[in-house]
Amino acid sequence: MDFKDKKILITGGNSGIGLATAKAFAEQGASVAICGRSKVKLDSALNELGSRAMGAVVDITSTDAIRRFVNSVADEYKQIDAIVASAGGAVVRPFESVDETLFDEDLGRNFKGAYFTAQAALPFLSDGGSIVFIGSAAGSKGFAGMSVYGPAKAALRDLARVLTAELSPRKIRVNVVSPGPVPTPGMDRLGLPDEELEAVKQGFAGMVPLGRMGSVEEIAAAVQFLCSDTSGFITGAEIAVDGGMAQI
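Residues numbered from 1 in each chain as written. Predicted model: local features only at pLDDT ≥ 70, side-chain atom pairs only at ≥ 80, totals over all residues. Heavy atoms only, no water.

**Student:** Quick question: what am I supposed to make of helix H8 (residues 216-227) here?
**Tutor:** Each full turn of the α-helix corresponds to 3.6 residues, which orients residues three or four apart in the same direction. Helix length check: H8 (twelve residues) gives 17 Å between terminal C-alpha atoms against 16 Å at 1.5 Å per residue, within 8%. Considered for burial, the residues of H8 that qualify are Val216, Ile219, Ala220, Ala222, Val223, Gln224, Leu226 and Cys227. (Helix = DSSP H or I, 4+ residues; strand = E, 2+ residues; numbered from the N terminus. Expected span 1.5 Å × (residues − 1). Buried < 20%, exposed > 50% of the residue type's maximum accessible area, 1.4 Å probe, protein only.)

**Student:** Just checking my understanding: could you explain the environment of Ala154 for this structure?
**Tutor:** Along the chain, Ala154 falls in helix H5 (residues 149-167). Taking the relative accessible area as the measure of exposure, Ala154 reaches 30% and is therefore partly exposed. Each C-alpha atom of the pair Ala154 and Tyr115 lies 13 Å from the other, and the pair is 39 residues apart in sequence.

**Student:** Looking at this structure, how should I read the sheet that holds strand S1 (residues 7-11)?
**Tutor:** Whether parallel or antiparallel, the strands of a sheet pair through hydrogen bonds between backbone atoms. Ordered in space as S3-S2-S1-S4-S5-S6-S7, the seven strands form an open sheet in which the pairing is parallel. What marks the edges here is a single partner per strand, and that holds for strand S3 (53-57) and strand S7 (238-241). The average angle at which neighbouring strand axes cross in this sheet is 15°, direction not considered. Running at roughly 165° to strand S2 (residues 31-36), helix H3 (residues 63-77) makes contact with S1, S2, S3 and strand S4 (80-85) of the sheet. Strand contacts of H8: S4, strand S5 (125-134), strand S6 (173-179) and S7, with the helix running at about 170° to S6, the strand carrying the most contacts. (Pairing = 2+ DSSP bridges. Axes fitted to C-alpha atoms, helices over the stretch in contact; angles between N-to-C directions. Contact = heavy atoms within 4.5 Å.)

**Student:** I keep staring at the packing of aromatic side chains and nothing clicks. Help me out?
**Tutor:** Given two aromatic rings, their pairing is described by the distance between the two centres and the angle made by the two planes. The final tally for this structure, using the stated rule, is four aromatic pairs. Between Phe143 and Phe204, the aromatic rings sit 5.6 Å apart at their centres with planes inclined by 90°, giving edge-to-face as the arrangement. Of the two residues, Phe143 sits in the loop between S5 and H5 while Phe204 sits in helix H7 (residues 194-207), which places them 61 residues apart along the sequence. We note that Phe143, like Phe204, is buried. Three or more aromatic residues joined by ring pairs make a cluster, and in this case those are Phe111, Tyr115 and Phe116. (Phe/Tyr/Trp six-rings, centres within 6.5 Å; stacked < 30°, edge-to-face > 60°.)

**Student:** Teacher, can you tell me more about a negative patch on the surface here?
**Tutor:** A cluster of acidic residues, Asp99, Glu100, Asp104 and Glu105, forms a negative patch at the surface. Structurally, the position occupied by Glu100 is in helix H4 (residues 100-121). (Patch = residues over 30% accessible without salt bridge, like charges linked within 9 Å, V, L, I, M, F, W, Y side chains within 5 Å. Areas by Shrake-Rupley, 256 points an atom, 1.4 Å probe, with all protein chains shown as cover. Salt bridge = Lys/Arg side-chain N within 4 Å of Asp/Glu carboxyl O. Lys, Arg positive; Asp, Glu negative; His and termini not counted. Charge placed at Lys NZ, Arg CZ, Asp CG, Glu CD.)

**Student:** I keep staring at the layout of surface pockets and nothing clicks. Help me out?
**Tutor:** Take a probe with the size of a water molecule and roll it over the atoms, and the empty space left behind shows itself. In this structure, the second largest pocket encloses a volume near 270 Å³. If you trace the second largest pocket, you find 18 residues lining it, with Phe3, Lys6, Cys227, Ser228 and Asp229 closest to the centre. Put simply, the parts of the chain that give the lining of the second largest pocket at least two residues each are S4 and S5. Per element, the largest residue contribution to the lining of the second largest pocket is five residues, and it comes from S5. Counted by class, the lining of the second largest pocket contains five nonpolar, seven polar and six charged residues. (1 Å grid on protein atoms, 1.4 Å probe; cavity = no way out; pocket = protein on both sides within 12 Å on 5 of 7 lines; lining within 4 Å. Points joined across faces, edges and corners; volume = space filled by probe spheres on them. Nonpolar A, V, L, I, M, F, W, Y, C, P; charged D, E, K, R; others polar.)

**Student:** Where do I start with the nonpolar core in this structure?
**Tutor:** Across soluble globular proteins, you tend to see nonpolar side chains buried next to one another. Residues Val73, Ile131, Phe133 and Val174 are the most contacted members of the largest nonpolar core, which totals 31 residues. Mapped by element, the contributors of at least two residues to this core are S2, H3, S4, H4, S5, H5 and S6. In terms of residue count, H3 provides more of this core than any other element does, six residues in total. For Phe133, the residues in contact, after removing those within four places along its chain, are Ala85, Ala114, Ala118, Leu156, Leu159, Ala160, Leu163, Val174, Asn175, Val176 and Val177. One finds Leu42, Leu49, Val84 and Ala222 within the second-largest nonpolar core, a separate group that totals 30 residues. (Core = buried A, V, L, I, M, F, W, Y, C linked by side-chain atoms within 4.5 Å.)

**Student:** I keep staring at the pairing of S5 and nothing clicks. Help me out?
**Tutor:** Two faces belong to every sheet, and in a regular strand the side chains alternate between them. In terms of burial, S5 is a largely internal element, eight of the ten residues being buried. For S4 and S5, the ladder comprises five bridges, and the chain directions are parallel. Bridge assignment links Ala82 to a residue of S5, and that residue is Ser130. In terms of strand pairing, S5 meets S6 through five bridges, oriented parallel. Within S6, the residue paired with Ile134 across the bridge is Val177.

Geometric values such as these leave the question of function open.
Quick look at the structure:
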C-alpha cells in the first residue's frame, strides 16, 4: 500500500498500537502526526519515526487540548487524509468499585477523546478520506471488571455507523478495528498486581481460538488496509482482529 505524501493523524501514537500504526504509515511514505500523554514516550516515538513525524503531549480527555493539537497539525500539513483514534486504555475494577471519577476518566479516554478528535479534525479531512476508531473485543463480549471500558468501545462501533451516514456525501469512510488481546503498555496499566496481570494475560490467550495473543503490527496492518484505496468499498464496518475471540 502506497501512502506517499499522505497526512495521517494518530492519537495515542506514542506507544502500543498507535505507535505501530504510525511506523507502518511512515514506512509507506506518509507523514504522521501523533500525540500521547507522556512526553518521554512521545519524544522516544518521534525519534523512532524520524523526519516524517510531528507530535505533541495531549490529554485526550480535554476537548481544548484536542483542538489545539488538531489545529497545529492542520497548520503544518494543510490537510489530513486519515484519522486514527487509537488513544485509550482500560482500568479493571469490579462494577461495585467504580466511582464517578473512574467512570469519567475511562469514558473520556475511550470514547470522548475519539469523538472529539474526529469532530475537531473533520474540517481538515480530505473528501474521500478515512476515519478509523480502535475498538476492542470487549465492545462485543462481556469481560468482568470492564463495565466502563467495554460499553465505551461498543459506543465507538455505533458512532462509526452514525458518521458513515452523515459523512457519506463527502465520501469519507468510517470504520472500526477491534483488537483482541495484544501485549501493549496499556495492558500493563490495568492496575493489577504483577501476578494477577500475568494470569489475566494467560487467561486472555486461552480465550483466543488461535491460542495466542495478537501483535501490534497485526492491528496496524488492518488499520492501513482500511485507510487505503484497496478498501474503498468498506465503510461503517467493524473489522475484528482478535484471533476469533469475539466471533465464536
